[in-house]
Amino acid sequence: MGILAMRPNRKQSTEMRNSILAQVLDQSARARLSNLALVKPEKTKAVENYLIQMARYGQLSEKVSEQGLIEILKKVSQQTEKTTTVKFNRRKVMDSDEDDDY
């Protein structure tokens with residue numbers, strides 16, 4: 001058997017993720033996360049990864065409630081928040097006051 005045979009396929013990986021999330025989230029939190037997945041799939045993945053990591057390291061003593069999920073969403077949003085800055089670069093076009101040619 002090669003290395004590829006030992007790695008879980010995408011379906012098994014998805015099932016494992018869903019199983020872990022079902023264990024760590026209560027029903028209302030799971031529903032909120034499902035709704036978020038429809039709108040912001042990339043943010044949902046980040047939150048799921050965060051929850052799975054917390055579960056693996058034993059940082060969750062009980063199921064995460066909807067309110068707990070909202071707090072996690074805020075943390076993830078702050079970490080992934082993109083700030084947009086606008087910088088104006090004004091070019092001087094032959095507008096020197098020193099050269100007053102009348």
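Scroll up to find the structure.
Bear in mind that the values here come from a model prediction, so they are computed numbers and not experimental data. (Residues numbered from 1 in each chain as written. Predicted model: local features only at pLDDT ≥ 70, side-chain atom pairs only at ≥ 80, totals over all residues. Heavy atoms only, no water.)

Some remarks on the side chain of Arg17
Then, in step 1: Its place among the elements puts Arg17 in helix α2 (residues 10–24).
Then, in step 2: Arg17 gets classed as buried once you look at its relative accessible area, which sits at 18%.
Then, in step 3: Polar side-chain contacts of Arg17 include one of 3.0 Å to the side chain of Glu48.
Then, in step 4: What Arg17 contacts, discounting residues up to four positions off in sequence, is Lys45, Glu48, Asn49 and Ile52. (Helix = DSSP H or I, 4+ residues; strand = E, 2+ residues; numbered from the N terminus. Buried < 20%, exposed > 50% of the residue type's maximum accessible area, 1.4 Å probe, protein only. Polar contact = N/O pair within 3.5 Å; in protein donor to acceptor, adjacent residues only side chain to side chain. Contact = heavy atoms within 4.5 Å.)

Topic: the packing of helix α3 (residues 27–39) against helix α4 (residues 41–56)
Then, in step 1: Taken N-terminus to C-terminus, the directions of α3 and α4 make an angle of 140 degrees; their axes are 6 Å apart at the nearest point. Taken together, the axis directions place α3 and α4 in an arrangement best described as oblique. Residue-level inspection shows Leu33, Leu36, Ala37 and Val39 of α3 in contact with α4, the latter providing Pro41, Lys43, Thr44, Val47 and Glu48.
Then, in step 2: The residue makeup of the contact of α3 with α4, split by class, is six nonpolar, one polar and two charged. (Axes fitted to C-alpha atoms, helices over the stretch in contact; angles between N-to-C directions. Parallel < 35°, antiparallel > 145°, perpendicular 65-115°, else oblique. Nonpolar A, V, L, I, M, F, W, Y, C, P; charged D, E, K, R; others polar.)

A few points about helix α5 (residues 66–80)
Then, in step 1: Compared with an ideal rise of 1.5 Å per residue, which puts 15 residues at 21 Å, α5 spans 21 Å between its outermost C-alpha atoms and is within 8% of the ideal.
Then, in step 2: Among the residues of α5, Leu69, Ile72, Leu73 and Val76 are the ones counted as buried. All buried residues of α5 project into a common sector of 105 degrees when viewed along the axis, lining one side.
Then, in step 3: Contacts from the buried residues of α5 go to α3 and α4. (Expected span 1.5 Å × (residues − 1). Arc of directions from axis to C-beta.)

Concerning the packing of α2 against α4
Then, in step 1: The interhelical angle for the contact between α2 and α4, taken along N-to-C directions, is 70 degrees, at an axis separation of 10 Å. One way to sum up the angle between α2 and α4 is to call them roughly perpendicular. Across the interface between the two elements, Arg17, Ile20, Leu21 and Val24 from α2 touch Lys45, Glu48, Asn49, Leu51, Ile52 and Ala55 from α4.
Then, in step 2: Its residues placed into classes, the contact of α2 with α4 shows six nonpolar, one polar and three charged.

Bear in mind that shape data such as this cannot, by itself, settle questions of function.
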